[in-house]
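What the coordinates show
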Amino acid sequence: MQIEDRLDEFESLARQVDDALSAVQKLDQTAQEAAMKLKESLEAFERYALIRLVRRMRDDPAGKNILLDAVGDPAIYALFLVHGIVKSDIRTRVFQALEQVRPYINSHGGDVELIRVENHTVFVKLHGSCSGCGMSSQTLHNLVEKTIQEHVPEIEAIEVEDEESSGGQGAFIPLSAINLGGDWIQALEYAEMVNGVPYRIHRDDIDAIIVRFNEQVSAYVNRCAHMQMPVDKGLVEGHILTCPWHGYQYDLKTGECRTVPGLRLDPVPVRLEGGSVWVRPRL
Ligand code: FES
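Residues numbered from 1 in each chain as written. Predicted model: local features only at pLDDT ≥ 70, side-chain atom pairs only at ≥ 80, totals over all residues. Heavy atoms only, no water.

Focus on the overall build of the protein
- Scanning the protein from terminus to terminus reveals 6 helices and 12 strands.
- Counting only residues that meet the buried cut, the protein has 40% of its 283 residues in that class.
- Excluding contacts between residues fewer than 6 apart, the proportion of contacts in the protein whose partners are at least 24 apart in sequence is 52%. (Helix = DSSP H or I, 4+ residues; strand = E, 2+ residues; numbered from the N terminus. Buried < 20%, exposed > 50% of the residue type's maximum accessible area, 1.4 Å probe, protein only. Contact = heavy atoms within 4.5 Å.)

Structural notes on the pattern of salt bridges
- Tallying each qualifying case throughout the model produces 12 salt bridges.
- With a shortest N-O distance of 2.7 Å, R102 and E99 are connected by a salt bridge. In this pair, R102 and E99 both sit in helix α5 (residues 90–107), 3 residues apart, roughly one turn of the helix.
- Assessed through its relative accessible area of 16%, R102 is described here as buried. (Salt bridge = Lys/Arg side-chain N within 4 Å of Asp/Glu carboxyl O.)

Notes on the packing of aromatic side chains
- Tallied over the entire structure, the rule returns 0 aromatic pairs.
- Directly above the aromatic system of F123 lies the positively charged group of R116, at a separation of 4.0 Å from the ring centroid. (Phe/Tyr/Trp six-rings, centres within 6.5 Å; stacked < 30°, edge-to-face > 60°. Lys NZ or Arg CZ within 6 Å of the ring centre and 35° of its normal.)

Some words on the sheet that holds strand β8 (residues 235–237)
- What the 3 strands build is an open sheet, ordered β8-β9-β10; its pairing is antiparallel. The open sheet has two edge strands, β8 and β10 (249–251), and neither has a second partner. Within the sheet, the average angular offset between the axes of one strand and its neighbour, ignoring direction, is 25 degrees.
- Bridge analysis of β8 against strand β9 (residues 240–242) gives 3 bridges, and the strand direction is antiparallel. Bridge assignment links V236 to a residue of β9, and that residue is L241. (Pairing = 2+ DSSP bridges. Axes fitted to C-alpha atoms, helices over the stretch in contact; angles between N-to-C directions.)

As for the sheet that holds strand β7 (residues 216–221)
- The 3 strands lie next to each other as β5-β6-β7, forming an open sheet whose pairing is antiparallel. Each end of this open sheet is capped by a strand with a single partner; those strands are β5 (198–203) and β7. In this sheet, adjacent strand axes meet at a mean angle of 20 degrees when their direction is disregarded.
- Relative to β7, strand β6 (residues 206–213) is paired through 6 bridges, and the arrangement is antiparallel. Within β7, the position partnered with I209 by the bridge is Y220.

Notes on a positive patch on the surface
- A cluster of basic residues, R52, R55, R56, R58 and K64, forms a positive patch on the protein surface.
- By secondary structure assignment, the location of R58 is in helix α2 (residues 29–58). (Patch = residues over 30% accessible without salt bridge, like charges linked within 9 Å, V, L, I, M, F, W, Y side chains within 5 Å. Areas by Shrake-Rupley, 256 points an atom, 1.4 Å probe, with all protein chains shown as cover. Lys, Arg positive; Asp, Glu negative; His and termini not counted. Charge placed at Lys NZ, Arg CZ, Asp CG, Glu CD.)

Considering the packing of α2 against helix α3 (residues 61–70)
- It is the contact of α2 with α3, at a shortest axis distance of 6 Å, that shows an interaxial angle of 125 degrees. Between α2 and α3, the interaxial angle falls into the category oblique. Facing V54, M57 and R58 of α2, the residues of α3 in contact are G63, K64, I66 and L67.
- Looking at the contact of α2 with α3 residue by residue, the classes come out as 4 nonpolar, 1 polar and 2 charged. (Parallel < 35°, antiparallel > 145°, perpendicular 65-115°, else oblique. Nonpolar A, V, L, I, M, F, W, Y, C, P; charged D, E, K, R; others polar.)

With respect to the environment of Q25
- You can see Q25 is positioned in helix α1 (residues 3–25).
- Q25 sits in the exposed class, given a relative accessible area of 58%.
- Distance in space between the C-alpha atoms of Q25 and M36 is 9.6 Å, their sequence separation being 11 residues.

A closer look at the nonpolar core
- Core analysis: the biggest nonpolar cluster contains 29 residues, and Y77, F80, Y248 and V260 have the highest contact counts within it.
- The set of elements that each furnish at least two residues to this core consists of α2, α4 (74–82) and β6.
- The element contributing the most residues to this core is α4, with 4 residues.
- Both domain 1 (3–82) and domain 3 (178–279) contribute no fewer than three residues apiece to this core.
- Look past the residues within four positions of Y248 in its chain and what remains in contact with it is P74, Y77, C224, H226, L241, T242, C243, C257, T259, V260 and L263.
- V94, I105, V122 and I148 belong to the second largest nonpolar core, which has 17 residues in total. (Core = buried A, V, L, I, M, F, W, Y, C linked by side-chain atoms within 4.5 Å. Domains from an automatic or database assignment.)

So this is what it looks like as structure tokens:
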């Protein structure tokens, strides 16, 4: 079966689950509770059986290889993820943890940026100013640290950098305030970009893709959230990028993975200025 057919089948089955859940939500409360109880019981049974299967396969060298290969299948990976048999990679989980506090931080005129995760240490940068908003910088630091530690307990240290700014300028650094020959890279000429083609920008300090689609431009780290493989040879249709390795699909508008909810591509700061596309490295 072709990968496209398998993905169609996978998506159609996932849609059936969504449709069934929507139908359950329209039932009266007693029926809803009974349906949810049935769902939870079936999931608990599946999880129990899956864990036994995985343990048996892990104990056998040949089975272990088959298992590692099978996890490359998006449907199997999604099933294992749902049942907690595999975890998202550490960077994705830190990113997801930060997404939970971002709306709160944004509402206080700030933002938080994940710089990198290295040897169980997370490096984040805080942007914007909270002066006058009633939330002290220390409270913000504590909130970020507590959230990461709660969601990703294997993290041992968190380095929080404050934005070096004159203060009170809002959450983002305007391009005009930055030395263009420094942090930002003049990557491409917008007019020369072909719609739907991922352009790879690869230097010592950056490995990213830039895609023009529907007169928009997005940039992401050239790394699939599934098995960290490069996505620059992926297929773009409309605003959907399909990873060439195992077919995970991403929405280029948001970076969100449509195959496994909760995964996403890492965004790279991108700007259009003077007819050029500029990106800022964040490996
Ligand atoms: S889908 Fe597996 S690496 Fe992208």
